[in-house]
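Each chain, letter by letter, is given below.
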Amino acid sequence: MYRYLLSCLLFISTLTIAQTDAPADQVVTVAGKSFLKSNFEQPAKKDEQDEENNQLRQDIFYFSQVNAFVLRTLVEDYAEHNQITPKPEHVDGFKQAYASAGLSEEKLASLANFNALRFATDKHMYEQLGGRVVFDQGHPKMPIEAYSKLLMTYKQSGRLVFHEQKYESLFWKSLERPDALEIPPQDVKYDSPWWMSVAR
């Protein structure tokens, strides 16, 4: 995934970057919520002399935050509009699976709730939209084609707006995943999230 993003960034960096007339601090807006430049966490500094490589690493670090914001906001908005809620047993199972991870109680509760919500949302998306499901680190059964279709409807309706072209280009490229491990349709099951087997 890192190499694929890196190659996309190298290509995109050769393009003329255009911006919308949105406020200068906005990066992307999803369902009325905006990610701002001031929201960016800064990458750890490296002592390398290669400024080009440092810039690419910084761009990937920034893009990962934009990507996480878009997908998380999509999940939360889709769940709200479809009255989807996480199952309590899935939330509890996640907490059990990561009980020894050294996370604060608040952080663990937040991660457990979101991951259980995302699992329920993935199930609903796949049942409604179908398509490719791929193995992704941290998201083992990602219905990526369903995400792509839904995000396109958000874009067409003005509910997904990128204010910087480089992030938009990279975002859509990231959803292609040509080399991702695809899960055969007969093996796609959303009966129980993966962490439940760890929690037992």
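About the criteria used
- Residues numbered from 1 in each chain as written.
- Predicted model: local features only at pLDDT ≥ 70, side-chain atom pairs only at ≥ 80, totals over all residues.
- Heavy atoms only, no water.
- Helix = DSSP H or I, 4+ residues; strand = E, 2+ residues; numbered from the N terminus.
- Buried < 20%, exposed > 50% of the residue type's maximum accessible area, 1.4 Å probe, protein only.
- Contact = heavy atoms within 4.5 Å.
- Pairing = 2+ DSSP bridges.
- Axes fitted to C-alpha atoms, helices over the stretch in contact; angles between N-to-C directions.
- Parallel < 35°, antiparallel > 145°, perpendicular 65-115°, else oblique.
- Nonpolar A, V, L, I, M, F, W, Y, C, P; charged D, E, K, R; others polar.
- Phe/Tyr/Trp six-rings, centres within 6.5 Å; stacked < 30°, edge-to-face > 60°.
- Core = buried A, V, L, I, M, F, W, Y, C linked by side-chain atoms within 4.5 Å.
- Salt bridge = Lys/Arg side-chain N within 4 Å of Asp/Glu carboxyl O.

Q: Which residues make up the environment of leucine 36, and what values do they have?
A: Relative to the helices and strands, leucine 36 resides in strand β2 (residues 33-36). Residue classification places leucine 36 among the partly exposed residues on the basis of a relative accessible area of 26%. With 12 residues separating them along the chain, leucine 36 and alanine 24 place their C-alpha atoms 8.9 Å apart. Dropping the residues within four chain positions of it, leucine 36 is found in contact with Asp25, Gln26 and Val27.

Q: Which residues make up the sheet that holds strand β3 (residues 134-136), and what are the values?
A: Pairing within the open sheet is antiparallel, and its three strands lie in the order β4-β3-β6. Pairing within the sheet leaves two strands with one partner each, and these edge strands are β4 (139-142) and β6 (181-182). For β3 and β6, the ladder comprises two bridges, and the chain directions are antiparallel. Looking at β6, one finds that phenylalanine 135 is bridged to leucine 181.

Q: Tell me about the packing of helix α4 (residues 105-129) against helix α5 (residues 144-156), residues and numbers included.
A: Their axes nearest at 9 Å, the elements α4 and α5 cross at an angle of 80°. One way to sum up the angle between α4 and α5 is to call them roughly perpendicular. Only Ala146, Tyr147, Lys149 and Leu150 of α5 make contact with α4, whose side of the interface consists of Arg118, Asp122, Met125 and Leu129. Residues belonging to the contact of α4 with α5 are distributed by class as follows: five nonpolar, no polar and three charged.

Q: For the packing of aromatic side chains, give the residues involved together with the corresponding values.
A: Using the criterion set out here, one finds 13 aromatic pairs in the structure. A centroid spacing of 6.5 Å and a plane angle of 70° characterise the contact between phenylalanine 119 and tryptophan 195, whose relative ring orientation is edge-to-face. Note that phenylalanine 119 is positioned in helix α4 and tryptophan 195 in helix α7 (residues 195-199), a separation of 76 residues in sequence. For the pair formed by phenylalanine 119 and tryptophan 195, the shared burial category is buried. Judged by centre distance (5.5 Å) and plane angle (75°), the rings of phenylalanine 171 and tryptophan 172 are edge-to-face. Tryptophan 172 sits in the buried class, given a relative accessible area of 17%.

Q: Now, about the nonpolar core: what can you tell me, with residues and values included?
A: Core analysis: the largest hydrophobic core is formed by 35 residues, its most contacted members being Val28, Val66, Val70, Leu151, Leu160 and Phe171. Leaving out residues up to four positions away in the same chain, leucine 160 has contacts with Val28, Thr29, Val30, Val70, Leu151, Tyr154, Lys155 and Trp172. Grouped together as the second largest cluster of nonpolar side chains are 12 residues, Val91, Leu108, Ile183 and Trp195 included.

Q: Outline the pattern of salt bridges, listing residues and values.
A: Applying the stated criterion across every chain, the model contains nine salt bridges. Of the charged contacts, one joins lysine 37 and glutamate 164 as a salt bridge, the two residues approaching to 3.0 Å between their closest N and O atoms. Taken together, the residues lysine 37 in the loop between β2 and α2 (51-81) and glutamate 164 in the loop between β5 (160-162) and α6 (165-174) connect sequence positions 127 residues apart. For glutamate 164, a relative accessible area of 7% translates into the label buried. For arginine 159, the salt bridge goes to aspartate 77, with nearest N and O atoms at 3.0 Å. Here the residue arginine 159 occupies a position in the loop between α5 and β5, and aspartate 77 occupies one in helix α2, the gap between them amounting to 82 residues.

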